[in-house]
Amino acid sequence: MNEKFNDDFLQSLKKRPDLAPRKEFKQELKTKLLNEMSDTEKSRGKMRSLVPNILAAAFILAGVFLTFELIGIGRDGQNASREQDSIEQVEPTSQEPTELDESTADKLIGEAFSRYDHILNDEGTGETFIFEGKPYRYMSGELDSKEKVIRYLSESFTPDAAEKLIGDHPFITFKGKLAQPDVSYEPGQLWTATTAIKVRTSETMSDVTYEIPVSEGYQKASVQTFRLLYDDGWKFSVVMPFSFRKVEKVETDSRSPFTLTQEEKDAYQEFSEDPTEVHLKGLSPISLAKLYVQASLDERYDLVYEMYTDRPDYIRWTKEEDEEIPKTDRGTKENILNTFKGIENGEFIQTSDIDGYIKYDNGGEGTMGFQMIKDEDGYWSVGFMPTQ
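Just so it is clear, the structure is predicted and the values come from calculations on it, not from any experiment. (Residues numbered from 1 in each chain as written. Predicted model: local features only at pLDDT ≥ 70, side-chain atom pairs only at ≥ 80, totals over all residues. Heavy atoms only, no water.)

### Examining the packing of helix α7 (residues 285-297) against helix α10 (residues 333-340)
- α10 packs onto α7 with a crossing angle of 165° between their chain directions and a minimal axis gap of 10 Å. Viewed along their axes, α7 and α10 adopt a mutual orientation that is roughly antiparallel. The hand of the α7/α10 crossing is left-handed. Contacts between α7 and α10 pair Y292, V293, S296 and L297 from the former with K333, I336, L337 and F340 from the latter.
- Across the contact of α7 with α10, the residue classes break down as six nonpolar, one polar and one charged. (Axes fitted to C-alpha atoms, helices over the stretch in contact; angles between N-to-C directions. Helix = DSSP H or I, 4+ residues; strand = E, 2+ residues; numbered from the N terminus. Parallel < 35°, antiparallel > 145°, perpendicular 65-115°, else oblique. Left-handed = near helix turned anticlockwise from the far one by under 90°. Contact = heavy atoms within 4.5 Å. Nonpolar A, V, L, I, M, F, W, Y, C, P; charged D, E, K, R; others polar.)

### Here's the deal with the pairing of strand β11 (residues 347-350)
- Pairing analysis gives four bridges linking β11 to strand β12 (residues 355-361), with the strands arranged antiparallel. Considered in β12, the bridge of F348 is made with I358.
- Here β11 folds back onto β12 in antiparallel fashion, the turn holding four residues. (Pairing = 2+ DSSP bridges.)

### A word on the environment of G124
- Tracing the backbone through its elements, the reader meets G124 in the loop between α3 (102-120) and β1 (128-131).
- As a C-alpha pair, G124 and M139 span 15 residues in sequence and 4.1 Å in three-dimensional space.

### Re the confidence of the model for the chain
- Within the chain, residue pLDDT values average 77, and 69% of them lie at 70 or more.
- Long-range and interchain partners of residues 64-68, a stretch whose pLDDT sits below 50, account for zero contacts in this model, where long-range means more than four residues apart.
- Residue range residues 250-256 is modelled with pLDDT below 50. Its contacts to residues more than four positions away, or to other chains, number three contacts. (pLDDT = per-residue confidence, 0-100.)

### With respect to the sheet that holds strand β7 (residues 205-213)
- Spatially, β6-β7-β8-β9 is the arrangement adopted by the four strands of the open sheet, whose pairing is antiparallel. Looking along the sheet, the strands with just one partner apiece sit at the ends: β6 (195-202) and β9 (234-236). With direction set aside, neighbouring strand axes in the sheet form an average angle of 30°.
- The sheet contact formed by strand β8 (residues 221-230) and β9 spans three bridges and is antiparallel. Counterpart to L228 in the pairing with β9 is F236.
- Contacts between α3 and the sheet are confined to β6, β7, β8 and β9, with β6 contributing the most and set at about 105° to the helix.

### Some words on the sheet that holds strand β13 (residues 367-374)
- One open sheet accounts for four strands, arranged β11-β12-β13-β14; its pairing is antiparallel. On the outer flanks of this sheet lie β11 and β14 (380-382), each paired with one strand and no other. Between one strand and the next, the sheet's axes are offset by a mean angle of 35°, whatever the strand orientation.
- Across seven bridges, the pairing between β12 and β13 is antiparallel. In the sheet register, D361 faces β13, and the bridge partner there is T367.
- Against the sheet, α7 engages β11, β12, β13 and β14, with an angle of about 105° to β13.

Here is the structure:
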């Protein structure tokens, strides 16, 4: 503000009516106005100096907020991607149980029985053999191990029930393959003609009451309740009381079957589990010959060799050499039975202190001789190539 403005402003004040300003008023007012103008300029200067700083701070804060936003968006995207991947990888662990009514329950028990019946009456490979005096047959390829049998039964039973169901069945493992007695089985009850009369279902468990005919004509019936669990289908969780009658095969050959006495069976059982001649001590020459025949029928060639004499002068070949003899050179089961037929009715004849033979008639080749040698321990053993 210039001097002219100040004078003009003061002149207007002088012309105010009835007002006589003090002499100092002009100087005080001028000083006050100048001070106010100076303060205003200072304030504007300070503001002009603060603006760049404020703008810089604002840009910094905006950058920080923007950075956090971008990080958050990235994390959200990653989480969303992971969640999506997780959703895609998760598969249903179980299915919802299907409805179980009387009609379905009838089919389930029929299928369960058919599977068990198929196991018992499996014709197998058609190859049979004699083990401990009894005929056995190998199971078919898809059932030649207990694991495969359990897997097959597990289509209708829980694994635990399937394992218990066959636990008492007389399976044996012979030469690495599963086998069972060579007999047929007939059901004692008509399991395939059962009728479900009551079904109680709770989530994944169901108790079904069946009426089971016990004879042809449905004149008698047995009422039993079985529990089923849902595990990729309804399956019986209990051991079914399936009853079967053993049907022995009719022997078409007129010759008497080869059998062991109970004493001979016991000795052979121990000998087959522990192939040492200590289990043969005390048996008669004829009993020893019968065990030799049984071991040959069972194809237990390790037992056959163990029964040979150990007198040095009578040994024809070593055990290692014996193991290399092909099966085809050992004779078929039919040939073995024909050769030794009637030996149990033979007569032992001792010809010297250490020599003897069993005289018998096999009905085909006439009189035969089975050579026996007394070992140095005083017990009789089988001579190498006993019928030569």
